[in-house]
Amino acid sequence: MEEEEPDLTPELITELSKKSLEQAYRIGEHIAQVLGVVTSIREALERNQKYARIIRLDPKQSPELKGIYAVDSSFRTPLPLVYGDLFVVIGGYIRYPRAKTDNPKINRGLRITIRCGEELTGRIQTAVSKIIERKIALEILTGEEYEAESWESLMFDGPIIPLWPIVVITTRFYRQEEKVLELSGEVASISKNKNKTLVGIVKRVRSHFIGRGLVKLLEEEGEVVLDDKTRNALEKTSDKAIATLILKPGEALIMGKLGESTIVDKTLITEKRRETFTTFLDENGWAKDILIGFIKPFRSKHIVRFEIADYGGIGMENMLAWLNANSSHTACPYPIDIVDRLTSMTNTMYEIVRKMIIRGAAKKLSEFVEKKEIGEVDLLLELADLQKKYVPNMG
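Every residue gets a number counted from 1 within its own chain, in the order that chain's sequence is written. Residue-level local features of this predicted model are given only where pLDDT is at least 70; pairs of side-chain atoms are given and counted only at 80 or more, and the full residue set underlies all totals for whole chains, interfaces and linings. Only hydrogens and water are set aside when side-chain values are computed; all heavy atoms of the structure are taken into account.

Each helix corresponds to a stretch of at least 4 residues labelled H or I by DSSP, and each strand to a stretch of at least 2 residues labelled E; elements are numbered beginning at the N terminus. If you tally the helices and strands in the chain, you get 12 helices and 10 strands. Put simply, the radius of gyration uses C-alpha atoms, and a globule should come to 2.2 Å times the residue count raised to 0.38. A compact globule built from 395 residues would reach a C-alpha radius of gyration of about 21 Å, and the chain, at 24 Å, matches this within 12%. Along the first, second and third principal axes, the C-alpha atoms of the chain reach 80 × 65 × 40 Å. The buried share of the chain, taken over its 395 residues, is 49%. Here the analysis covers contacts within the chain between residues at least 6 apart in sequence; of these, 78% occur between residues at least 24 apart. Relative accessible area decides the class of each residue, using a 1.4 Å probe on protein chains only: under 20% of the type maximum gives buried, over 50% gives exposed, and in between gives partly exposed. Only heavy atoms matter for contacts: two residues are in contact if any of them lie within 4.5 Å across the pair.

Attention shifts here to the environment of G222. Structurally, G222 can be placed in the loop between α4 (209–220) and α5 (228–236). As a C-alpha pair, G222 and A44 span 178 residues in sequence and 9.4 Å in three-dimensional space.

Among buried residues, those of type Ala, Val, Leu, Ile, Met, Phe, Trp, Tyr and Cys that are joined through side-chain atoms within 4.5 Å constitute a nonpolar core. L154, I210 and F277 are the most contacted members of the largest nonpolar core, which has 88 residues in total. Counting residues per element, this core draws most heavily on helix α2 (residues 122–142), at 10 residues. If you look at the next biggest cluster of nonpolar residues, it comprises 26 residues, including I68, V199, A252 and A331.

Moving on: the pairing of strand β9 (residues 291–296). Where burial is concerned, most of β9 is hidden: 6 out of the 6 residues are buried. The alternating pattern of β9 places L291, G293 and I295 and I292, F294 and K296 on opposite faces, both of which are buried. In this description, strands pair whenever DSSP reports at least two bridges between them. Bridge count for strand β8 (residues 251–257) against β9 is 6 bridges, and the pairing is antiparallel. Bridged to A252 within β9 is I295. The pairing of β9 with strand β10 (residues 304–309) spans 5 bridges and is classified as antiparallel. Paired with F294 across the bridge in β10 is R305.

Counted residue by residue, helix α9 (residues 316–325) has 7 buried out of 10 residues, so it is predominantly covered. Within α9, the full set of buried residues consists of M319, L320, A321, W322, L323, N324 and A325.

Turning to the pattern of salt bridges, a few remarks are in order. A carboxyl oxygen of Asp or Glu within 4 Å of a side-chain nitrogen of Lys or Arg is what we treat as a salt bridge. Under the criterion given, the structure shown has 28 salt bridges. Salt-bridge contacts for E133 lead to K130; the nearest nitrogen and oxygen are separated by 3.8 Å. With E133 and K130 both in helix α2 and 3 residues apart, this pair spans about one turn of that helix. On the basis of relative accessible area, E133 is assigned to the buried category, the value being 1%. In this structure K130 comes out as buried when scored by relative accessible area, which is 12%. With its nearest N and O atoms 3.0 Å apart, the salt bridge here joins R212 to E271. Residue R212 is located in helix α4, and its partner E271 is located in the loop between α7 (262–270) and α8 (274–283); the two are separated by 59 residues in the primary sequence. Through salt bridges with shared partners, a single network forms among R42, E46, R56 and E251.

For the rest of this paragraph, the subject is unusual backbone geometry. Of note, the amide linkage connecting Y96 to P97 takes the cis form, showing an omega dihedral of -10°. As for its placement among the helices and strands, P97 is situated in the loop between β4 (85–96) and β5 (108–116). We note that N195 has phi near 60°; this positive angle belongs to a residue other than glycine. By secondary structure assignment, the location of N195 is in the loop between α3 (175–193) and β7 (197–202). Despite not being glycine, K272 shows a phi value in the positive range, around 55°. You can see K272 is positioned in the loop between α7 and α8.

Examined against the element boundaries, E351 turns out to sit in helix α11 (residues 347–365). Among the residues examined, E351 registers a relative accessible area of 18% and is labelled buried. Taking the C-alpha atoms as reference points, E351 and I338, separated by 13 residues in sequence, lie 25 Å from one another.

Structure follows, in structure tokens:
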């Protein structure tokens, strides 16, 4: 299933060049507007810590945690077969650092879900992967064998609150999304009862808490002065971009708890989503305690958004100090890097699954029909569009 390169005709190259340059000029102008006020925003934050604060983290002052369980999952866009879509999710966990034990289950494990036949929207695909992650987390939290070696924190590759930003857009969810929220509430409740700190590491940051919340509050206080064009540019710029420019390596920007943060509230007002998110928090009270912010570990030039529910009493600054000292150049903590590799999916895996299903379905079908009809299984499990070479995207 190798991707076939299309011919680059002169007409295609001309149109690509035209559109690429249009975007390049637009992006360049946008970045120039943001760069022009980054220094002012940082200086304002250093003067006024009423809404958020920047803290400097010393990598030599990291607490020693006995154990962290990191959980992740991966999937690719479904493989379109004649019979229906083939969808595979790989979920897994690792313990960091490894425990000295003869039981391999304590240090790592995998869970796989395979569906074939039903059409799954992008939101449902994501929800299914999050369901697997939450079930793994519940298994770790409730399994007696995992308590044989002491551990303090459960870490997700992604937000503690699943479905972000869907929860600020609508109160209507698919059945699978409702299940994710139900399981997430269970994870939070058990973690609180067992004193386990929850941490979420968000790499693909698409929120706008800084440009649509924090900057507006600072402007109202007279700490920064913006013209309409710059203000508009900041509102359109993601937190990932602005925080990357504001923070220096070894720093974190603390925004506050979701149920208390003036920044979050201002952002939701700006986006006209306040009522929707308030409803979500009222129905999922555990989410109010989650602290959010951004961190640029000292080894990295990049930032991630963190979410922390400190049920274990590690301490917010202690947890951030640990993240700073134990993150790679990717800005992700080592446990997240490791579990990400463990759960990674390849095109070869999809083809192996497809062929195993063909063999298994043919064997089962032989119990009901004549041998000459079994060949229909191959046809039904062939790619739906033979004109295109299919290379699924990671989810």
